[in-house]
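Chains, contacts and geometry: an overview
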Amino acid sequence: MDEPTVRVLSGDDYDEFFSVFTGSFLDDSREAIREPWRAVFEPANAHGVFDGREMIGVAAFFDSGITLPGQVRTRLAAVTAVGVKPGHRRRGVMRMLMRAQLHGMGESRSHPVAALHATEGSIYGRFGYGLGTSDVVLSIPRRAPFLRSVEVDQRRVREVGEQEALRFAHDLYPAVAARRTGWLARGPSWHLRVVDDRSAPKEQGRMRFAVHPDGYAFYRPEPRWADRGPDYLLHVQELVAATPQAYAALWRYLLDTDLVGEVRWQRAAPDEPVVDMLADPRQARRQLSDGLWVRLIHLDRALSERRYRAPADVVLEVGDDFCEWNAGRWRLAAGADGTGGATRTQAPPDIRLGIGDLAAAYLGGTTLGQLHRCGRVEELNPGAVAVASGALDTDHAPHCQEPF
Ligand SMILES: CC(=O)SCCNC(=O)CCNC(=O)[C@H](O)C(C)(C)COP(=O)(O)OP(=O)(O)OC[C@H]1O[C@@H](n2cnc3c(N)ncnc32)[C@H](O)[C@@H]1OP(=O)(O)O
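Residues numbered from 1 in each chain as written. Predicted model: local features only at pLDDT ≥ 70, side-chain atom pairs only at ≥ 80, totals over all residues. Heavy atoms only, no water.

Some remarks on the overall build of the chain
What counts here: Each helix is a run of DSSP H or I of at least 4 residues and each strand a run of E of at least 2, with the numbering of both proceeding from the N terminus. Radius of gyration here is computed from C-alpha atoms only, and the compact-globule reference equals 2.2 Å multiplied by the residue count raised to the power 0.38. Asp and Glu are treated as the negative residues and Lys and Arg as the positive ones, with His and the ends of the chain left uncounted. A charged residue contributes its charge at one atom only: NZ of Lys, CZ of Arg, CG of Asp or CD of Glu.
In terms of regular secondary structure, the chain is built from eleven helices and 21 strands. The C-alpha radius of gyration computed for the chain amounts to 22 Å, which stays within 12% of the reference 22 Å derived for 404 residues, consistent with globular compactness. In the chain, 50 positive and 54 negative side-chain charges are present, and the distance between their average locations comes to 2 Å.

Spelled out as structure tokens, the structure:
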């Protein structure tokens, strides 16, 4: 066999790209999204690896934005559709794709940051990704009461059709997303990822759209019957609220829906406020899992784009084998006004860490202190980790509820 080759794709490659992608996931239901995705395919952001003329591996990203600590936004490469045909695996095809993709972004300086949702937690660390946010599978039983002190906006929650819901979400989402670290900017294809039913699990009904004047919830019911009566599972897909009172109203609406036994949100935030609204917080079951994996493409650019919670002046010695332009010593300096960034230095290092560890701390979801305690981050100057950790910390858990 000749050595495989890698190249950027063109529009004509779409069908083969899609077949390799869905084939690698062993998920035939995705065939249903072949046509809608054709219109939003960005070939210039997709790579394929070829064995002769046969496409054997793919990786893509779409151009997006993400809210960073300090309520600022940066450009994000939202990486998706990474797959290698069964039969061609463990021969370095994905490594070729990751190199082409990350080095392409590095050379063009197009995106300071990339992020993805991983199928398996052990894949992406070797490419310099760090676990930047966590998701929680949150389950709350029907009618679970709130504390009396919780203010619920009494204006009505209405069920509306998809088109009205999409228009409403389109108007409301940006202002809320701008305040929430980890939330994505939305381009024209967002509804395909968030509300398209075509590849939803068969046991779930179609998407429903509940709208309040200051928020909305998209959900799917799963009919279930138990000995004592209805015990439906209500799956939340997305919940967005501009005020705490609207948030409470939407949760009350979901929890009080007739026939429902349990409301479950597969991708809730680790610090979801509804848990603290409950009269008995033990009623909420929470299972933690990994959320966004984050990659700093150019660490100096990425670090200058976010804001900092406390002043800092520390020298980091960063290891990065995969995007070697990031490797070396950087002075991370942040001022009392929250601005900051990293510049090259020859000064002795205070902290030694890998690029993936810095990426994990970038959105504030993982602290450098945590990574120090487990032995991944080395403190060369006593107290330096606490200073850097305090600067990178955020006041709410970063989170991304959007699938991509
Ligand atoms: C954002 C997303 O789309 S996430 C989706 C990822 N895709 C999938 O899970 C679909 C099913 N799986 C696949 O298509 C393939 O197995 C892939 C894409 C995960 C890996 O492709 P391969 O070509 O086999 O990977 P490749 O041979 O380049 O391996 C690169 C490294 O990753 C490691 N690796 C590859 N797959 C896995 C895995 N599933 N779990 C753990 N490590 C893995 C390899 O051991 C290798 O490690 P090394 O460099 O330290 O020796």
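On we go from here.
What about unusual backbone geometry?
Generally, phi is negative for residues other than glycine and the peptide bonds are trans, each holding for most cases. Phi is positive for Ala81, which is not a glycine, with a value near 55 degrees. Looking at where Ala81 falls in the secondary structure, it is placed in strand β4 (residues 72-84). Its identity as a non-glycine residue notwithstanding, Arg143 has a phi of 60 degrees, on the positive side. Mapped onto the elements of the fold, Arg143 is located in the loop between β7 (134-141) and β8 (158-160).

Side note on the UniProt feature "domain: N-acetyltransferase" (unreviewed entry) in the chain
Using the following cut-off: UniProt positions are given in the numbering used here, feature names are shortened, and annotations may be inferred rather than shown by experiment.
This chain's UniProt record puts "domain: N-acetyltransferase" (unreviewed entry) on residues 4-173. Across residues 4-173, the secondary structure splits into 26% helix and 33% strand, with the terminal C-alpha atoms separated by 43 Å.

Quick notes on the domain arrangement of the chain
Worth spelling out the cut-off: In this entry, domain limits derive from an automatic or database-based domain assignment.
Taken domain by domain, the chain consists of domain 1 (5-111), domain 2 (135-288) and domain 3 (299-392). Computed from C-alpha atoms alone, the centre-to-centre distance between domain 2 and domain 3 is 36 Å.

Here's the deal with the UniProt feature "binding site: acetyl-CoA" (unreviewed entry) in the chain
Operational definition: The buried label goes to any residue with under 20% of its type's maximum accessible area, the exposed label to any with over 50%, and the partly exposed label to all in between, with areas taken from a 1.4 Å probe on protein chains only.
With numbering matched to this structure, UniProt assigns "binding site: acetyl-CoA" (unreviewed entry) to Val82, Gly83, Val84, Arg90, Arg91, Gly92, Val93, Met94, Arg95, Thr119 and Glu120. If you trace the backbone, Val93 turns up in helix α3 (residues 93-108). Checked against the element boundaries, Arg95 lands in helix α3. Assessed through its relative accessible area of 41%, Arg95 is described here as partly exposed.

Re the layout of surface pockets
Worth spelling out the cut-off: Computed over the protein atoms alone on a 1 Å grid, cavities are sets of points where a 1.4 Å probe fits but cannot get out and pockets are open sets with protein on both sides within 12 Å along at least five of seven lines; a residue lines them when it has an atom within 4 Å of a point. Grid points are joined across faces, edges and corners, and a volume is the space filled by probe spheres set on the points. Residues are sorted three ways: Asp, Glu, Lys and Arg are charged, Ala, Val, Leu, Ile, Met, Phe, Trp, Tyr, Cys and Pro are nonpolar, and all the rest, Gly among them, are polar.
Its volume calculated, the second largest pocket comes out at about 360 Å³. Together, 20 residues line the second largest pocket, and Arg180, Ala241, Tyr247, Glu272 and Pro273 are the ones closest to its centre. For the lining of the second largest pocket, the secondary structure elements donating two or more residues are β13 (232-241) and α6 (244-255). Of the residues forming the lining of the second largest pocket, the biggest block, three residues, is contributed by β13. For the lining of the second largest pocket, the residue count by class is twelve nonpolar, four polar and four charged.

With respect to the environment of Pro348
With respect to the secondary-structure elements, Pro348 resides in the loop between β19 (340-344) and β20 (351-354). Distance from Pro348 to Arg75, taken between C-alpha atoms, is 32 Å for residues 273 residues apart in sequence.

Quick look at the environment of Leu239
Stated precisely, the cut-off is as follows: By definition in these notes, contact holds between two residues if any of their heavy atoms fall within 4.5 Å.
One can find Leu239 in strand β13. In sequence terms Leu239 and Leu26 are 213 residues apart; their C-alpha atoms lie 30 Å from each other. Apart from residues no more than four positions distant in its own chain, Leu239 is found in contact with Trp183, Tyr216, Ala217, Tyr247, Leu250, Trp251, Leu254, Trp265 and Gln401.

Some words on the site of the ligand
Where we set the bar: Residues are classed as near a molecule or strand on a simple rule: at least one heavy atom within 4 Å of it. Here a polar contact is recorded for every N or O atom pair within 3.5 Å, except that within protein the pair must consist of a potential hydrogen donor and a potential acceptor, and residues adjacent in sequence are included only if both atoms are side-chain atoms. Only the protein chains shown count as cover for residues, and all accessible areas are computed by the Shrake-Rupley method using a 1.4 Å probe.
The immediate surroundings of the ligand are formed by 23 residues, with Val82, Arg90, Gly92, Arg95 and Thr119 found nearest. One of the side-chain N or O atoms of Glu120 is found 3.0 Å from a nitrogen atom in the ligand. Take Ser122: an N or O atom from its side chain is 3.5 Å from a nitrogen atom of the ligand. Protein chains shield 80% of the accessible area of the ligand, which is 950 Å² for the free molecule. Those elements that place two or more of their residues in the shell around the ligand are β4, α3 and β5 (113-117). For the shell around the ligand, the element with the most residues is β4, which contributes six residues. Of the residues belonging to the shell around the ligand, the class tally is ten nonpolar, seven polar and six charged.

A closer look at helix α11 (residues 384-392)
Applied cut-off: The arc under discussion is defined with respect to the helix axis, by the directions toward the C-beta atoms.
Among the residues making up α11, those that are buried are Ala384, Val385, Ala388, Ser389, Ala391 and Leu392. Here the buried residues of α11 occupy an arc of 165 degrees about the axis, which is enough to place them on one side. In this structure, the buried residues of α11 make contact with β17 (312-319), β20, α9 (355-362), α10 (368-373) and β21 (378-379).

A word on the sheet that holds β7
Heads up, the rule is: The pairing criterion is simple: DSSP has to find at least two bridges between the two strands. To get an axis, a line is fitted to the C-alpha atoms, and for a helix only the part in contact is used. The angle between two axes follows their N-to-C directions and goes from 0 to 180 degrees.
Reading across the sheet, the seven strands line up as β8-β9-β10-β13-β14-β7-β15 and stay open at both edges, with mixed pairing between neighbours. Where the open sheet ends on each side, the last strands, each with one partner, are β8 and β15 (285-290). The sheet shows a mean angle of 25 degrees between the axes of neighbouring strands, direction not considered. Summarising the sheet, β7 and β15 pair through six bridges and their orientation is antiparallel.

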